[in-house]
Amino acid sequence: MLNNFKKSKPQQFSFLILIFLFLYFIVPEDENSLLWRLPPLLKDIPAFINYLLDNLMFNWLTIPVYDPDWGMYEDQAIVRLITRSISDFLLFLIIFIREFFLGGMQTISSLTGDSLKGLKLAYLPAIPWTAVIMGLFILGYKLQGLSLALIASLGFFYVSVFGQWEPTMETLSLVLVTAPICFILGLFFGILGYLSKKVETTLQPILNVAQTMPHFSYLVPIIVFFGVGDHAGAVATIIFATPPMIRLTILGLRKISPEIVESGLMSGCNRFQLLFRVLIPTARRDILIGVNQVIMQCLAMTTIAAFIGAKGLGFNLKVALNGLKIGKAAEIGICVVIIAVVLDKLSLAWANKQKDYFANLSFFQRNKAFVYFLFLTLILGIIAYFSASYFEEGINFLYLIPFGKGLTIAPLLDAGVDWIWETFFYYLNIFNKFLITYVLFVMRDAYLGMPVVSTFFLIMGAGYIIGGIRSCLIVGGLILFIALSEYWNRALITAYMATFAVGISAINGIIVGSLCARNEISTKIILSICDFFQTFPSFIYLIPVILLFGITDTSVMIAAIAYASVPATRYTVEGLRSVPPSLHDAGSMSGVSNLQRWISIEFPLALPHIMLGLNQTVIFALMMIVLGALIGTEDLGQIIMGSLSRPGGAGIGFTLGIFVSFICLAVDNLIRTWTDERKKLLGIS
Amino acid sequence: MSDNNQPSVIKCESVFKIFGNNAKRLLENSSGNVDAKTFQDAGCIVGVNNASFDVKKGEMLVVMGLSGSGKSTLLRCISRLTEATSGKIFIDGDDLLTMNNKELIELRRNKMGMVFQNFALLPHKTVLENIAFPLQIKGTNTNESIAKAMEMVELVGLKGRENYFPRELSGGQQQRVGIARSLAVEPDIWFLDEPFSALDPLIRKEMQDEFLRLQGVLKKTIMFVTHDFDEALRLADRIAIMKDGIIEQLDTPDNIVLNPATEYVKKFTEDVPREKVLKIESIMDPIDSNASSNIEISKDAIIETLAESILNSKEILKVVDANKNNEIVGSLDPAKVIKVLFGK
Ligand SMILES: Nc1ncnc2c1ncn2[C@@H]1O[C@H](COP(=O)(O)OP(=O)(O)OP(=O)(O)O)[C@@H](O)[C@H]1O
Ligand SMILES: [Mg+2]
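Residues numbered from 1 in each chain as written. Chains lettered and ligands numbered in written order. Predicted model: local features only at pLDDT ≥ 70, side-chain atom pairs only at ≥ 80, totals over all residues. Heavy atoms only, no water.

1. Quick notes on the overall build of chain A
So, step 1. Counting its regular elements, chain A contains 28 helices and two strands.
So, step 2. Computed over its C-alpha atoms, the radius of gyration of chain A comes to 28 Å, within 12% of the 26 Å expected for a compact globule of 685 residues.
So, step 3. With respect to the three principal axes, the spread of C-alpha positions in chain A is 90 × 70 × 65 Å.
So, step 4. Once local pairs closer than 6 in sequence are excluded, the contacts in chain A between residues at least 24 apart make up 77%. (Helix = DSSP H or I, 4+ residues; strand = E, 2+ residues; numbered from the N terminus. Rg over C-alpha atoms; globule rule 2.2 N^0.38 Å. Contact = heavy atoms within 4.5 Å.)

2. Examining the interface of chain B and chain A
The figure often quoted for interface size is the accessible area lost as the parts come together.
So, step 1. Residue-level contacts link 29 residues of chain B with 20 residues of chain A.
So, step 2. The contact between chain B and chain A buries some 2300 Å² in all, and 59% of this surface belongs to carbon and sulfur atoms.
So, step 3. Counting across the chain B and chain A interface gives one salt bridge.
So, step 4. Inspection of the chain B/chain A interface yields seven residue pairs in polar contact (both at pLDDT 80 or more).
So, step 5. Elements with a minimum of two residues in the side of chain B that touches chain A: helix H4 (101-110), strand E6 (112-115) and helix H5 (127-138) of chain B.
So, step 6. The greatest single-element share of the side of chain B that touches chain A, amounting to five residues, is contributed by H5 of chain B.
So, step 7. Here the residues of the side of chain B that touches chain A sort into 15 nonpolar, seven polar and seven charged. (Buried area = accessible area lost by both parts, 1.4 Å probe. Salt bridge = Lys/Arg side-chain N within 4 Å of Asp/Glu carboxyl O. Polar contact = N/O pair within 3.5 Å; in protein donor to acceptor, adjacent residues only side chain to side chain. Nonpolar A, V, L, I, M, F, W, Y, C, P; charged D, E, K, R; others polar.)

3. A closer look at the pattern of salt bridges
So, step 1. Under the defined criterion, the tally for this structure stands at 28 salt bridges over all chains.
So, step 2. Measuring nitrogen to oxygen at the nearest pair gives 2.8 Å for the salt bridge that ties Asp230 of chain A to Arg98 of chain A. Of the two residues, Asp230 of chain A sits in helix H11 (residues 230-255) while Arg98 of chain A sits in helix H4 (residues 78-102), which places them 132 residues apart along the sequence.
So, step 3. A residue is classified by how much of its surface remains accessible, and Arg98 of chain A, at 8% relative accessible area, is buried.
So, step 4. One salt bridge connects Arg570 of chain A with Glu574 of chain A, and the closest N-O pair in it is separated by 3.8 Å. Of this pair, Arg570 of chain A and Glu574 of chain A both sit in helix H24 (residues 553-577), separated by four residues, roughly a single helical turn.
So, step 5. Overall, the relative accessible area of 30% leaves Glu574 of chain A in the partly exposed class.
So, step 6. Salt bridges sharing partners connect three or more residues here, namely Arg176, Glu206, Glu210 and Arg213 of chain B. (Buried < 20%, exposed > 50% of the residue type's maximum accessible area, 1.4 Å probe, protein only.)

4. Examining the sheet that holds strand E12 (residues 317-321) of chain B
All names here are of chain B.
So, step 1. On the basis of which strands lie adjacent, the open sheet formed by three strands has the order E11-E12-E13 and mixed pairing. Whereas interior strands pair on both sides, the edge strands pair on one side only; in this sheet they are strand E11 (296-298) and strand E13 (327-332). On average, each strand axis in the sheet is inclined to that of its neighbour by 40°, with strand direction left out of account.
So, step 2. Strand direction decides the pairing type here: E12 and E13, joined by five bridges, are antiparallel. Paired with Val320 across the strands is Ile328, a residue of E13. (Pairing = 2+ DSSP bridges. Axes fitted to C-alpha atoms, helices over the stretch in contact; angles between N-to-C directions.)

5. Some thoughts on the layout of surface pockets
All names here are of chain A.
So, step 1. Considering only enclosed or pocket space, the largest pocket measures out at about 2100 Å³ in volume.
So, step 2. Taken together, 47 residues make up the lining of the largest pocket; nearest its centre are Gln211, Gln293, Tyr571, Gln616 and Phe620.
So, step 3. Broken down by element, the lining of the largest pocket gets its largest block of residues, seven residues, from helix H28 (residues 649-682).
So, step 4. Taken together, the residues that form the lining of the largest pocket break down as 21 nonpolar, 17 polar and nine charged.
So, step 5. Among the domains, domain 1 (31-48 + 414-682) and domain 4 (168-345) are the pair contributing at least three residues each to the lining of the largest pocket. (1 Å grid on protein atoms, 1.4 Å probe; cavity = no way out; pocket = protein on both sides within 12 Å on 5 of 7 lines; lining within 4 Å. Points joined across faces, edges and corners; volume = space filled by probe spheres on them. Domains from an automatic or database assignment.)

6. What to know about empty space enclosed by the protein
So, step 1. This structure, assessed with the given rule, holds three cavities of 30 Å³ or more.
So, step 2. If you add up the space inside the largest cavity, you get close to 90 Å³.
So, step 3. As for the largest cavity, its lining consists of 13 residues, of which Met266 and Ser267 of chain A together with Pro134, Arg181 and Ser182 of chain B are closest to the centre.
So, step 4. Per-element accounting of the lining of the largest cavity gives the leading share, three residues, to E6 of chain B.
So, step 5. A class-by-class count of the residues in the lining of the largest cavity yields six nonpolar, four polar and three charged.
So, step 6. Of the pockets and cavities examined, the second largest cavity occupies roughly 50 Å³.
So, step 7. Every residue lining the second largest cavity is listed: Leu42, Lys43, Ile45, Pro46, Ser485, Glu486, Tyr487, Thr655 and Phe659 of chain A.
So, step 8. For the lining of the second largest cavity, the per-class residue count stands at five nonpolar, two polar and two charged.

7. Remarks on helix H9 (residues 197-212) of chain A
All names here are of chain A.
So, step 1. With 16 residues, H9 extends 23 Å from end C-alpha to end C-alpha; this agrees with the ideal 22 Å at 1.5 Å per step.
So, step 2. A maximum bend of about 25° is found in H9 at Leu203, where proline Pro205 lies one to four positions downstream.
So, step 3. Buried within H9 we find Glu200, Leu203, Leu207, Val209, Ala210 and Thr212.
So, step 4. Buried positions along H9 lie against helix H8 (165-195), H11, helix H26 (594-628) and H28.
So, step 5. Between the side-chain oxygen of the N-cap and the backbone nitrogen of Lys198 there are 3.2 Å, and the N-cap of H9 in question is Ser196. (Expected span 1.5 Å × (residues − 1). Bend = angle between axes of the 7 residues up to and from the residue.)

8. Notes on the domain arrangement of chain B
Residues and elements named next belong to chain B.
So, step 1. Looking at the assigned domains, one finds that chain B contains domain 1 (53-273) and domain 2 (276-342).
So, step 2. Centre-to-centre, using C-alpha coordinates, domain 1 lies 35 Å away from domain 2.
So, step 3. Across the boundary between the two partners, domain 1 contributes eight residues, which contact five residues of domain 2.
So, step 4. Taken together, the two surfaces of domain 1 and domain 2 that pack against each other cover about 550 Å², and 73% of this comes from carbon and sulfur.
So, step 5. If you sort the residues of domain 1 by the area they bury against domain 2, Asp254, Leu258 and Pro273 come out on top, with a joint share of 67%.
So, step 6. Viewed at the interface, domain 2 and domain 1 are joined by zero residue pairs in polar contact (both at pLDDT 80 or more).
So, step 7. At the level of secondary structure, the elements contributing two or more residues to the side of domain 1 that touches domain 2 comprise helix H9 (229-235) and helix H10 (253-258).
So, step 8. It is H10 that contributes the most residues to the side of domain 1 that touches domain 2, four residues altogether.
So, step 9. Residues of the side of domain 1 that touches domain 2, tallied by class, amount to six nonpolar, no polar and two charged.

9. Some points on the site of ligand 1
Residues and elements named next belong to chain B.
So, step 1. Lining the immediate environment of ligand 1, one finds Phe19, Ile45, Leu66, Ser67, Gly68, Ser69, Gly70, Lys71, Ser72, Thr73, Glu194 and His227.
So, step 2. One of the side-chain nitrogen or oxygen atoms of Ser67 is found 2.5 Å away from an oxygen atom of ligand 1.
So, step 3. For ligand 1, the protein covers 61% of the area, taking 630 Å² as the surface of the free molecule.
So, step 4. Take the shell around ligand 1: its biggest share by element is three residues, from helix H3 (residues 71-78). (Near = heavy atom within 4 Å. Areas by Shrake-Rupley, 256 points an atom, 1.4 Å probe, with all protein chains shown as cover.)

10. Description of helix H12 (residues 303-312) of chain B
All names here are of chain B.
So, step 1. Within the span of H12, buried status applies to Ile303, Leu306, Ala307 and Ile310. Buried residues of H12, viewed axially, fall in a sector of 145°; they line one side. Within H12, the exposed residues directed more than 90 degrees away from the buried face are Thr305, Glu308 and Asn312.
So, step 2. The inward-facing, buried residues of H12 contact E11, E12, E13 and helix H13 (334-342). (Arc of directions from axis to C-beta.)

Structure follows, in structure tokens:
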């Protein structure tokens, strides 16, 4: 009996849940009881972080610096000097690239001082938008062919014609500055991690936290270090987008067969030659997939960086959403999606492009595309120069279509929204009310009524059953950190929203995934749909839901479900498709029905992979829920958002970000331990 | 062919390679008597166990054994891709294991070439660039290295494909590139780790012929790893048979078949057709004045190659020594050949 219990995990879990429920109902609600809530022993952490930041920026390690305005020496903290010079450097790069696309005189005047201000000569002309589109066409053609050339150029053509050229170029200039920096940093740390196990084990937890922390939570500390503006946005973007590059670099380098390394060594390579002439070129594809990730993350982050003063589409989107201008927001959203798709396709094409060998080509042949580009730019520039007098109102449409001066479909979209509201308002509202009153609030109260002992018993018990004492302690430790803060109730609300969103997403994903995995064609279709939905920034998901449900918890939930269903679906499809066909046949031979086969063979075999998808689902859902604070929820996200505009918000924002990250890491630990075990058991590791 | 007067190019003295964290300490405590089982219990895996042998100039030593017997590990120790745990290895009399990194790189750039089982070509380089790679690493100027690489392309019969990428070549062609690359710096010592195992049997035969042709011209000192006995017999001057890291026997092919040193070697060679291994010398009788046939056969010929002509002759044949002006050294009764071919 006891032996049986020791082996049977289902029995253990039932027992666990029984005790959990018992504790849940037996412990009375009492603010002074340790069983009900733990005391906020760690409530000073945010203040401590603020104290650290403050001293770092102003008091510690000061050196005297000559201040030309005051004509005397002043003590300044080294950290502050460093961050300020990084800021200046980034800002210079961003403005330089921005003025390349949009024109301006800040680049030149920043080099020459104020003396040239107002001088017409110092004005850097923009490259005409028509030339940029030609450039995209040529690039797309060179990387893949006509279809990509058309997608890229038409996409940006749309953006320009609809008057979003300026914010788009502002966003793009941020991406173009941050992506290469992320690439270099990522490659550098990736190589270090590959070369030294020690570096890798140090990097791993940092990467985990950096990737699971909600975007918002490091915005505030960044404000403290770097101030507000495009450069701060760039820093946030770099922090967020570098980790996947590091990961993929390490992964790509590790994947190289040892034989290749040995062949390099036997060719007499020294370390340097081995790295740069053998390893990196061999891992080229994985590294470039990393670049693709970097670009997508940069784009996602630059929209969010609007909250700390980065200009561009994100900023306009924020303004439109704040003013509830749904049509306008949707219009910008479409542009973001288009840019995301174009950048994604271009960088993937670059990654997948195999090097061609052309012996003894002349300079012109080698750089044909670039020469064409220069030539066309010249022509288009001349056209733009002469067309200036042709247009009225001083707007030269062949040079640059100013913001808001293009076509617009916003009124159309608004009308559509109105129509939807008028037609469906009644039903939507009923659904909305029903969901909120009978599901969401009930669930929320249930979570808030959970005594802390029972929570810990459930979480650590699950950890113990799945991964033994080690998992139990890791998970317990991560959660304890939150329980000892002031924000336990908020965290419970976040947890309830996440549970709900993850539950529905998982069901969605598994059903849709299972249906689509049944044949080749639908598999392909669903995977490309997943690709498509994964390319654009999470921010965008909020637009249509606000359109339908207004500013409510329902909107956030639905956005989170839509966003988090993507990985659930993808991993289900992948998991089911990787079940060996021989097993299908074995099933068919023994005469089982499709459903039986799915239940008894395919699903159990695919489950480990599906669980990994669930892991992603949890992270995605949490990200969206925290983001949802943007349109008003009362979980951790709301305080993180609030901290953006509060003095001393840095400590709170950062701490809460860590909390969210810890929730992710706890789930991650449980799921990973389980899948590893399971895979070993099934012999598919 | 092996010749005892040649200097030894590779010399191993009690080489051990043991994988594991405290391998070195365990080995010191065991005073040279390594038992795989006890080491395994201590968390170590024995890769090479007390290997001592030498390879003469121009000789081809084939290392044989089942999967996991330590063949690759032995080869890696001698090319110092892994560090031997203890023992001494001499290359042309120089102590390999005390060389610093720079000397090692010099050695590899000038004296060693290696061919890998899965080709290990650089995917981003063309055939020509792959072959020129070791030269460029060495710092040879581009024109010279391209010219040399072109020469190699012709040598391995890939002319016309020098601008292909590895992904555009068949397995056999890729291995030709691997061979050409390993020969580009004109090394004295040539390591081949199961170079033909990833190829299908027909191509393998063709590549073996090609390899023999190359060796006939180049006369390198070779260590060749395989687990295919037929291949070993076709190529080897001497064969080393390994089991669990131990070299069970290192001898000429016919000696291995005729006088297996251990039970394991005996089992290993049991199914080998005798006629493929044995030379006439090993079954000939003393000089017989009755030998009536006019046919003279060389004592160094492998039986299989002459079987047909021997069996066609009903009479006793003369055996001669080709190295000593065809002096008659013995006689051969065809009945004996029949016994080798069909009897057990
Ligand atoms: N890096 C390593 N770490 C630990 N053990 C190793 C390592 N490399 C090889 N071994 C072990 O050493 C033993 C010998 O391996 P080796 O690769 O030399 O075998 P092999 O004879 O070449 O086999 P195969 O024919 O499969 O190539 C094996 O038991 C293997 O598991
Ligand atoms: Mg091997």
